[in-house]
Structures are given as structure tokens and as C-alpha cells.
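Fold and geometry: a report
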Amino acid sequence: MSFIAMPKPDPEIIARRAEIAAGLRAIVGDEGLIVSEDERRAYETDALTAYRAMPLAVVLPATTGEVSAVLKFLNAQKVPVVARGAGTSLAGGALPSEDAVVLGVSRMSAVLEMNFADRVAVLQSGITNIAISQAVAHEQFFYAPDPSSQLACTIAGNIAMNSGGAHCLKYGVTTNNLLGVKMVMMDGTVLDIGGAALDAGGYDLLGLVCGSEGQLGIVTEATVRILRQAEGARPVLLGFDSAEAAGACVSDIIGHGIVPVAIEYMDRPAIKVCESFAHAGYPLDVEALLIVEVEGSEDEIEAMLARIVEIAGSHGTRTPRIARTEAESLAIWKGRKSAFGAMGRISDYMCMDGTIPTGRLPEVLVKIDAICKGHGLSVANIFHAGDGNLHPLILYNVNDPAELEKAEKAGADILKLCVEVGGCLTGEHGVGIEKRDLMLDQFNETDLHQQQRLKTLFDPRWLLNPAKVFPLEGRLQG
Amino acid sequence: MTANASAKPLAPRDENDVIAAVADARAAGTPLEIVGGATKRTIGRPMQTAATLSVARLSGITLYEPSELVLGAHAGTPLKDIEKELANNRQRLAFEPIDYRGLLASDGEPTVGEPTIGAVAAANLSGPRRIYAGAARDALLGIRMVTGRGEVVKSGGRVMKNVTGYDLVKLSAGSWGTLGVFTEVIFKVLPETHSERTLVFEGLTDASAVASMSAGLGSPFEVTGAAHMAAGIDGPAKTLLRIEGFDEQMVYRSGELKKLLRTFGVPALLADDASRALWLKVRDATFFAGTDEAVWRISVAPSHGAAIGAAATAAGGRVFYDWGGGLVWVAMPAASGDGGAAALRAVLPADGHATLVRAPETLRAAVDVFQPQPPAHAALTRGVKDAFDPDHILNPGRMYAGM
């Protein structure tokens, strides 16, 4: 097994399993409770599949009231709770433990309100990211953050991890698009934080909750900003002979006062895999590929893309290819958005998520390659170049424990490198268990203790997703 | 102002000095008023502090990478220095922070200092571009602060995307120096736009103005400012919609907006400098400068704005709407006993809030300057304060009584 340790499950809690299940059944009924081993198995891991644990039980409340009653009960029983959206976390954010109850929000997925005059939507938190945009599309509106997993992932999980996406260069990440939440604290208290107004009334508790990885409360409803769709959007594909040239081109585009909606980067191994999957017309004879997307009217798009192509030309781009039709645009994005899935067809991989200052890009890519080679592994890079959020995919065989350990070590080295050059461990996936033990590479104990005081304020017994975010040693707990 | 107004402020030279000053104050149990340029001291409840700690000497840009859109500075760096450096590179703080000096100067105690970048973060300043570019909290990437425990805590960093650990950056933005003393702040910056245009509709009623601004902000033409001044605020009633971008975009987008909004009349078109001058007045609430009225900054969803405007007008107040900033600005007659607090707060929806940004000290002591909170929120607020500043050394009582 792999080397990220989990706390030893509490046998005393496991011994009370039947009693705890009975208490939950009294609140949510049979339809809201999963106890059979077969059905619980679906909840034993998330998208960090190397780690698994069978939860004590899975509870799927249908209302905020039920969530409140469940948490109040489990708080009194001192049972840990792991919140779960769609289980797409790449960081182990939804990984349960054997003495924990998984609380899933999947039965709460309704659109509660769409207000186009105020440009907000109110949703139950189990709604998928894409469903928000679909719900408001008839008025040509959309919800901006667009993680690659947007077909499956929920707004609850997006809020927990402060998720990003390809288009956040222009539109910001979840925290910039979230206006309010209804949140249940571990003692059952239901809080409305924020709302349709833009400013926080006092301390920005909403800003604290967003990205707190299910450790401060369970969000059951969200109020988000919805934006009017641009008249149109089209990408251009720009191929380069080196990472340096691509990186310099990104800097130069921004230096010209152009902030595109998205600037995505792929290296040669990633291009090859994505092209064979999506047939998007990606050039196969280049070392680095940029997908740069701009928005506006037809004329505006043409003018902007012409400017970008001219800038890219000065960095030696070869045969830039502008998407001329909706179908071509979709194909280009299909390749990018299905990149992780396409990679998964050829190999198991571990997806890293560090962010670096964009100026350090070429040097960091060289070092990432060296790190992986040093561990006898290969790597493909697909990431958000505009904001320096890297996603190196370390390829390995999940069924070979020795390879898994090598991959984890290579991953840790890559993330340490990101911190070393002035970046951070995670740009949009969250810490979860995956980066938990690296937190002291980015923070010192004083920094972490200050964060932990807030954990204790919201959840004095540390029952919400307790094994995540902070190293297990040295916690300022209780 | 505060009890210590005449005393010489503590003027730490660096972060270590700040640590020592806070630790001393904590040991002695003597609360500190925290200032940068001291231009916003009159916002908040009056405080009883033993000394003033100024970060003005913690000055200088620490990091500026134009191609990475990031700028960091010591907290006491004058905002004007930063804006100048950004302008040299055709960049800006896109969130358009309000300059309160003009508005607050009428308080009988003119503000003479220079606003600092630390205070931009501490007060979570924003402006009319809020709807498009967010507030300071949205652009603030990283902070270093000395908490009331006398400890340095850092959060965030210098990169655009960072979800490593809890977001203490957002929590401390807008905490008005009550959680920690910022020593360094790092902001995302953006390119200046090449040009701008403002459509000016004259003579609209409040209801028509609201409809026109809603239509504009809900259009695909990227309106970056929307404001309405009823008759008497700035001459005849004026409704403004701003667009920014490259020259060819301005021609196209202003044309499209005119078509979209033709039922509201034919707007005048202001370009570049004329447009900028007008938006400065909206940003800084200049219409209310130089009077003795009590001034409220009210944050609500747009659909509640008209009801608040009506209530304020009925109570004898003057109103303008910075719709893109999500704000209703209200000036209430000086003679009204509570500065209009009861009348305005009575019509606020549960998620709205009204902040009394300008009033004499007696009024600020008598009414809630910041929106009062329900018990569960108040308990968390107090818990947050205690987590950062257990002995209530930093700006005690500025936001809420007793903390």
C-alpha cells in the first residue's frame, strides 16, 4: 500500500455501527441510508483511486433539515463525517475512513431560483457544475468556473475545493463567482452566509468557507453569479518548437494588454494522446501547443485572433490554426477537456496541480521531466498556462505498489519544486490527503495553527473530514 | 476621534518592529489603533486605544512582474506610488478602489495622508467595475500579517490560482485591521484598457434607469460600470453605462448598446478622459462630499435597490446607485436623529447590509456602523476575532462593540 498514512479507525465507533445506522435511519429513512457492503463500495474512494476505505455508512439526506439532524446526531455520537459531492476529487478530498459516515449531497440537486435581473442563481449543492449553465442557457447566461470534470462534479465539491477550470483566466475561480451559501455546521446549526449582494457584511466568512475542503460545514445551497454569454468564442491552436517559445508567447500576449478567456498548454506526449482520442487537428510535430480562446462578436474575435497570431509569429509558431466553425471549436475543446480521460486509456496516472509564476515555466518543465525520469517514470503536461496552474500527469501502473510509491515521490518532488520557485502545492484541486503531508513545505507551523484555530471554531471536535488538509502530527486541535 | 489622537504614533520600520510593538501592547494590555495613511480613520465605531501604530514606514514595492500580472508591496506603500508604477507599464488595479478622502474630508477633520495599499486590502475597497472585476478581495493573492498574538501569519502567495489551505486572504480582506496588521500584500493586476466609452441617458426615472442598467449589464457587451444619479445629485437625472476595450470594440459595442437600449432614449457618448472623470465621481461618491449629511454605503442585490432608494428619499435623503458596484449610496440629513439607520435597515433584505461610512463621532457611537449580525453569525465573528486577536489589542470595537 502507499505511503500517505490515515489515522487508525476508532474500533469503539466501528463497534457501534448498527446503533449509529439506526439513528441515521430514524432521520433519513431507508431511502437516504446505505449500509450494505456492496452499495457502500461505491463510496470507498474518489478520483484518487489508489486509496480506499469502506465507510461505516453512507447517508444521503434530501433536505437541509435532514443534514442538520444528521450532523447534530453524529456530533453527539462523536462520529467523523466525510462530505461527498460526486466523488471526483483528485486529491482524496472525499476519501472516507472506516469509522466515518459519508454524507452525500446527491439527492439535493434542484435549481431553486434563477434571477436574470440580479444575475444570480440559487441551487441545491448536489447539482452538477454543467447543469447550472444548462439551467440558465435559455437566457444566454452561464456559470463561469468550468473544471474538466464539470459533467459530473457538483457545486458542493467545487465550493469545498474552490475549483477552477480552463476559463478562469478571465472569469475567476469558484470563490470569485460564489455569493452565498446555506451551510450546516457540525452541531446542526444552519447558517446563511452571504446572499445575492456583492459584499460581505462583516468578516468574509464566505471566503473562508470556500476552499475549506468540507472541514467547516456542509454546504446545502449555493447562490452563484451567472453571466451573460459572450456573442461568440473561438480558439486558435499555436504550435511551438520549445516550451520556452510557448512560455514567452504567453507572457507576450498578456504584455500586449490582451487577457484571453483561456490559454491552455499541452506538451508533445499529451498532444499525441489527445489527438488520437479527439481528432481535433492538433499538430503532432511540435513540442508545445497553446490553445488560446477569445470572445466577442465575429469581427472582434477575428481582430483579436489576428493580433494573437501575429504575436505568436514573433515566437516562431508554425501554422497557427484558427477554429473557423463551431464544430472546429468544439473539437479543439473536446481534446483538451477529455485529456485526462484520454490519458487514462493508455496509462494510470497521478495528476499534479501545483501553480508556479508563469515566468518560470520553461525551467520548471525541464525539471519536472528530469524528476520523473529520475524515478523511472514518464510525464505528460496539460495545464492552464495563463495562470501558471500546472497539471503534470505522472504515468504509472496502479497495480504495482513499487511504481505507485515512485509516482507519489515524483509528485511530491514536483510540488516541492513549485513551492521553491514561488508557487504553491495546489491551484485548484485542493490538499485532501494527497498534499497534506507537504503543507509544511509551503507553510510554517504558525501559519497552520492559525488555520487550525478556525477549524476548531467551526467544528470543535474535529469531526468534519478530519484526516485531510493538515499533517496529522502537530495539530492544534480541540 | 480616538482617545490617543494627539499621541505620537508607533512607527515600526519593518515587520520585526511590528511584531515587537504588538507583543508589547499585548503584554501591557494596551490596545492599538492601526493606520497606514490614516485617511479612513473615521470609518467605524469610535475606539478607545492607548496608542496608534502606523505602518507608513513599511513602504516599497517588493515584487512586480508585469507579464505575470502580479504586484506585491509593503503594506504602507502609498497607493499613488503603486498606481504610478502600474501606469508606467500600462496596467492597473482593475477593481478600481474608492478614494475616500474627498468624502471624508467634510467630517471636520480633513484627511491629509496618502491612502496605502495595505488599507486597500484591509478595507476591501472596490469601485464601479466591481461587477466585472470584483473587489480588492478578489484580486488579493497573498498577505503577510502580524496577528494580535504577535505572530506573523502568511496566506496565499504570488500566483493566480492557489487553494492550498484555508483562505485567510479573503477572511482578512475587509477586516479593518481587527485581525492582524498587514505587513505585505500581493495583488493581481490587469492591463489598462485602450479606451472607454460611457453612454449617458438623461432624465430617466429611477424605475427606467434600473431597467436600462439591468438590460445593459445582462447584455454580452461587457458593461464595466452602471450608475444612476437622480435629478439633483449631479444636475438632471443621469444614467451611465460604461464599456472598455480596444478602439474597434468601442465603436461596435457602443452601437449595439444604443440599439439594445433605444427605448430609453438617445444617449450622449463620453469618450476616454471625459468618461474617466465622471466615473471617478461615482467611484468616490463625490456627490456627497463637502456636506454634513450622514453617508451610507448599502450593498444589496439590484432588485432591492429601488425600495431602499424610495425609503431613503421618503426620509429626506439623497440617493445614487452604483449598480455595477452593487451599491446604493445614501446621504441622510444631518438633523435626522439616528442618521437614518432605522429607516434604511428596515427595508434591507436579510442578505443586504448598510455601513455608515461618514458621520460625526457621536452618531457612530450611537448606531451600528457595520450591519448588526444575527446571533449565530455574531458568535462566529467573535470566534474569528478571538482566534486572531484573543486579547482584543487590534482596533478593538471598530467593527462591533466589545470585540
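Cut-offs used in this document
- Residues numbered from 1 in each chain as written.
- Chains lettered and ligands numbered in written order.
- Predicted model: local features only at pLDDT ≥ 70, side-chain atom pairs only at ≥ 80, totals over all residues.
- Heavy atoms only, no water.
- Buried < 20%, exposed > 50% of the residue type's maximum accessible area, 1.4 Å probe, protein only.
- Helix = DSSP H or I, 4+ residues; strand = E, 2+ residues; numbered from the N terminus.
- Pairing = 2+ DSSP bridges.
- Axes fitted to C-alpha atoms, helices over the stretch in contact; angles between N-to-C directions.
- Contact = heavy atoms within 4.5 Å.
- Domains from an automatic or database assignment.
- Buried area = accessible area lost by both parts, 1.4 Å probe.
- Salt bridge = Lys/Arg side-chain N within 4 Å of Asp/Glu carboxyl O.
- Polar contact = N/O pair within 3.5 Å; in protein donor to acceptor, adjacent residues only side chain to side chain.
- Nonpolar A, V, L, I, M, F, W, Y, C, P; charged D, E, K, R; others polar.
- Expected span 1.5 Å × (residues − 1).

Another point: the pairing of strand β14 (residues 294-299) of chain B. Residue and element names in this part refer to chain B. Of all six residues making up β14, six are buried, and the element is well covered by its neighbours. Pairing between β14 and strand β16 (residues 327-332): six bridges, direction antiparallel. Bridge pairing in β16 places Val-295 opposite Ala-331. Here β14 pairs with strand β17 (residues 353-358) via five bridges, running antiparallel. Note that in β17 the partner of Ser-299 across the bridge is His-353.

This part is about the sheet that holds β14(B). Residues and elements named next belong to chain B. Pairing in this open sheet of eight strands is antiparallel, and the strands run β13-β10-β12-β11-β15-β16-β14-β17 from one edge to the other. A strand with exactly one partner marks an edge of an open sheet, and here the two such strands are β13 (268-271) and β17. Pairwise comparison of adjacent strand axes, ignoring direction, gives a mean angle of 20° for this sheet. With eight bridges joining them, strand β10 (residues 195-202) and strand β12 (residues 238-245) adopt antiparallel strand pairing. Residue pairing across strands places Leu-199 opposite Leu-241, the latter belonging to β12. Set on the sheet, helix α8 (residues 206-217) makes contact with β11 (223-229), β12 and β15 (318-322); between it and β11 the angle comes to about 180°.

Further remarks concern the domain arrangement of chain B. Residue and element names in this part refer to chain B. Split into domains, chain B comes out as domain 1 (1-192), domain 2 (195-274) and domain 3 (286-375). Between domain 1 and domain 3, the C-alpha centre-to-centre distance is 25 Å. Each partner contributes residues to the interface: domain 1 has 19 residues there, and domain 3 has 19 residues. Interface of domain 1 and domain 3: buried area, both sides summed, is about 1,600 Å²; carbon and sulfur atoms make up 56% of it. Summed over the shared surface of domain 1 and domain 3, the number is zero salt bridges. In this assembly, domain 1 and domain 3 are joined by five residue pairs in polar contact (both at pLDDT 80 or more). Going through the elements one at a time, α3 (101-104) and α5 (130-133) are the ones with two or more residues in the side of domain 1 that touches domain 3. Looking at the side of domain 1 that touches domain 3, the element that brings in the most residues is α3, giving three residues. For the side of domain 1 that touches domain 3, the residue count by class is 10 nonpolar, six polar and three charged.

Let's shift gears to helix α10 (residues 243-255) of chain A. With 13 residues, α10(A) ought to run about 18 Å at 1.5 Å a step, and its terminal C-alpha atoms sit 18 Å apart, in line with that. Taken together, the buried positions of α10(A) are occupied by A:Ala243, A:Ala245, A:Ala246, A:Gly247, A:Cys249, A:Val250, A:Ser251, A:Ile253 and A:Ile254. Buried residues along α10(A) sit against β12 (232-240), β13 (262-267), β14 (288-296), α12 (298-313) and α15 (361-374) of chain A together with β9 (190-191) of chain B. At the C-terminal side of α10(A), A:Gly257 shows a positive phi close to 80°.

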